[in-house]
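# Structural overview
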Amino acid sequence: YTLSSFGTVFNALYNAGGPTINGTLRKIEIYRERKLVSTFDAYDFLIRGIGENATLKDQDVIIVSPYVNRIRLQGEVKNVAAYELLEDETFDDLLLYAGGFTNNAYDGTINVIRSEGNFKKIKSVSPENRSTFRMKNGDEVLVPTISDEFVSRVSIEGPVLNPGEFELVEGMTLFDLIQKADGLRGDAFMDRAVII
């Protein structure tokens, strides 16, 4: 490919149509006069803002090797995709590349489906060990959605001025709830109320 004198690794990859689905984005090698002069990590450059998009010289060769570790990440993360991780990268790195959790993500213990031999296994990753849990090629992660169940909630219906749902606080009484609902309407039946 012919590039301008200011052409960079990104320019060359763009002209070539980018790496194929099996190509690496983490270890792109630049050779000059048959010697390795630079290694380019697109994740570091695009996500962390580190690394160098090196300017190429005449007759440089760019080698894009096959990926080594690819992990599929689905569910409640900002960027659902298959991510390529290096050997020493962890679950935290995977979350960083995915942009983190969405607002509806369950961020407790998350399960990783891993192939071991002829079987699949579940590995549970707690929040405490995300920074040390090493991901392996073929791992699949599904970040679940938080439950629709409420805690610390009460609701009031009927002849009150402001029916609806309210926060249940320690020591709250029925009278307190009626006060939060702005009191009773004039047509309220005062002899009985039903608490479910």
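Keep in mind that this is a model prediction, so the values were computed, not measured.

## A word on the overall build of the protein chain
Per the secondary structure count, the protein chain includes four helices and ten strands. Ordered by position from the N terminus, the helices and strands of the protein chain form the series α-β-β-α-β-β-β-α-β-β-β-β-β-α. Relative to its length of 196 residues, the protein chain is extended, with a C-alpha radius of gyration of 28 Å against a globular reference of 16 Å. Dimensions of the protein chain, computed from C-alpha atoms along their principal axes, come out at roughly 95 × 45 × 25 Å. Within the protein chain, buried positions represent 31% of all 196 residues. For the protein chain, the proportion of contacts with a sequence separation of at least 24, taken over those separated by at least 6, is 51%. Of the roughly 13500 Å² of accessible surface on the protein chain, 51% is carried by carbon and sulfur atoms. Across the protein chain, the mean location of the 21 positive side-chain charges is 9 Å away from that of the 29 negative side-chain charges.

## Details of the sheet that holds strand 3 (residues 61–66)
If you walk across this open sheet you meet the three strands as 2-1-3, and the pairing is antiparallel. Of all the strands in the sheet, the pair left with one neighbour each is strand 2 (35–40) and strand 3. On average, each strand axis in the sheet is tilted by 30 degrees relative to the strand beside it, whichever way the strands run. The pairing of strand 1 (residues 23–32) with strand 2 spans five bridges and is classified as antiparallel.

Criteria and thresholds
Residues numbered from 1 in each chain as written. Predicted model: local features only at pLDDT ≥ 70, side-chain atom pairs only at ≥ 80, totals over all residues. Heavy atoms only, no water. Helix = DSSP H or I, 4+ residues; strand = E, 2+ residues; numbered from the N terminus. Rg over C-alpha atoms; globule rule 2.2 N^0.38 Å. Buried < 20%, exposed > 50% of the residue type's maximum accessible area, 1.4 Å probe, protein only. Contact = heavy atoms within 4.5 Å. Areas by Shrake-Rupley, 256 points an atom, 1.4 Å probe, with all protein chains shown as cover. Lys, Arg positive; Asp, Glu negative; His and termini not counted. Charge placed at Lys NZ, Arg CZ, Asp CG, Glu CD. Pairing = 2+ DSSP bridges. Axes fitted to C-alpha atoms, helices over the stretch in contact; angles between N-to-C directions.

Just distances and angles here, no functional claims.
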